[in-house]
Amino acid sequence: MKKNSQLSDVLHVLLHMAQAEGPATSEALAAAMQTNPVVLRRLMAGLRDKGFVRSSKGHGGGWVLACSLDTVTLRSVYEALGEPPLISLGFREDQPRCLVAQAVNEALGVAMRDAERLLLQRLGDVTLAALASDFRRRMRAHRQAPHRLEEHVHAD
């Protein structure tokens, strides 16, 4: 079963937009997501409707953030995407007559609902500002780390 990476993809794009000096085209953002610009525009529509981003057409146009990073949580982005499935587990039968299958469905259903509730709570605790801060910290550490070639030269 293919994993749904919409939330991860859009968060990736939003962080790129946060670092950009100006508008980013659908083509450039789609390239960062390794997808088609039409797919990107479809995903961005929900974010635009929630006021997280805005777009303009024409020369110099593109997508820009329309909100403060510290006001947007991962959960609010997830909700703007239309709340795609968080858990891809399914039941062998949705309405089983078999008592064993009924017991299995009940146990799995409770566990999945609990997991989704916890995941949504955690997503609500993380802002785009926190992600951007983590990215900047990683960039600083990356720049200070020796390059791979330097590691090999100094290892001799």
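Throughout what follows, the structure given in this document is the object of discussion. (Residues numbered from 1 in each chain as written. Predicted model: local features only at pLDDT ≥ 70, side-chain atom pairs only at ≥ 80, totals over all residues. Heavy atoms only, no water.)

Moving on, we get to the overall build of the chain. Helix and strand counts for the chain stand at seven helices and two strands. Each helix and strand of the chain, placed in order from N terminus to C terminus, yields the pattern α-α-α-β-β-α-α-α-α. Here the C-alpha radius of gyration of the chain, 21 Å, is well above what a compact globule of 156 residues would show, namely 15 Å. When its C-alpha atoms are laid out on the principal axes, the chain stretches across 60 × 55 × 30 Å. The buried share of the chain, reckoned over its 156 residues, is 28%. In the chain, the proportion of contacts linking residues at least 24 apart, taken out of those at least 6 apart, comes to 62%. For the chain, the exposed area adds up to about 11100 Å²; of that, 53% sits on carbon and sulfur atoms. (Helix = DSSP H or I, 4+ residues; strand = E, 2+ residues; numbered from the N terminus. Rg over C-alpha atoms; globule rule 2.2 N^0.38 Å. Buried < 20%, exposed > 50% of the residue type's maximum accessible area, 1.4 Å probe, protein only. Contact = heavy atoms within 4.5 Å. Areas by Shrake-Rupley, 256 points an atom, 1.4 Å probe, with all protein chains shown as cover.)

Here the focus is the pattern of salt bridges. Within this structure, the stated rule accounts for five salt bridges. Measuring nitrogen to oxygen at the nearest pair gives 4.0 Å for the salt bridge that ties Glu-27 to Arg-41. Residue Glu-27 is located in helix 2 (residues 26-33), and its partner Arg-41 is located in helix 3 (residues 37-49); the two are separated by 14 residues in the primary sequence. Judged by relative accessible area, Glu-27 falls into the partly exposed class, the value being 48%. Arg-138 is the salt-bridge partner of Asp-134, the closest N and O atoms lying 2.9 Å from each other. Linking Asp-134 with Arg-138, this pair stays in helix 6 (residues 128-144), spanning four residues, or about one helical turn. Salt bridges sharing partners connect three or more residues here, namely Asp-134, Arg-137 and Arg-138. (Salt bridge = Lys/Arg side-chain N within 4 Å of Asp/Glu carboxyl O.)

Attention shifts here to the packing of helix 1 (residues 6-19) against helix 6. Where helix 1 contacts helix 6, the two axes come as close as 10 Å, and the packing angle between them is 70 degrees. In terms of their interaxial angle, helix 1 and helix 6 are classed as roughly perpendicular. Each of Leu-11, Leu-14, Leu-15 and Gln-19 in helix 1 lies in contact with helix 6, whose residues at this interface are Leu-128, Leu-131, Ala-132, Phe-135 and Arg-136. Its residues assigned to classes, the contact of helix 1 with helix 6 shows seven nonpolar, one polar and one charged. (Axes fitted to C-alpha atoms, helices over the stretch in contact; angles between N-to-C directions. Parallel < 35°, antiparallel > 145°, perpendicular 65-115°, else oblique. Nonpolar A, V, L, I, M, F, W, Y, C, P; charged D, E, K, R; others polar.)

Taken together, the buried positions of helix 2 are occupied by Ser-26, Leu-29, Ala-30 and Met-33. When helix 2 is viewed along its axis, its buried side chains cluster within an angular range of 100 degrees and face the same direction. Close packing links the buried residues of helix 2 with helix 1, helix 3 and strand 2 (62-65). Where helix 2 terminates, the next one or two residues include Gln-34, which has phi positive at roughly 60 degrees. (Arc of directions from axis to C-beta.)

For any two helices packed against each other, one specifies the inter-axial angle together with the distance between the axes. Helix 3 packs onto helix 2 with a crossing angle of 95 degrees between their chain directions and a minimal axis gap of 8 Å. Relative to helix 3, the element helix 2 is oriented roughly perpendicular. In contact with Ser-26, Glu-27, Leu-29, Ala-30 and Met-33 of helix 2, helix 3 contributes Pro-37, Leu-40, Arg-41 and Leu-43. Classifying every residue of the contact of helix 2 with helix 3 by side-chain character gives six nonpolar, one polar and two charged.

Take the environment of Pro-23 next. Secondary-structure assignment places Pro-23 in the loop between helix 1 and helix 2. If we skip the residues at most four places from it in the chain, Pro-23 touches Gly-60, Gly-61, Gly-62, Trp-63 and Val-64.

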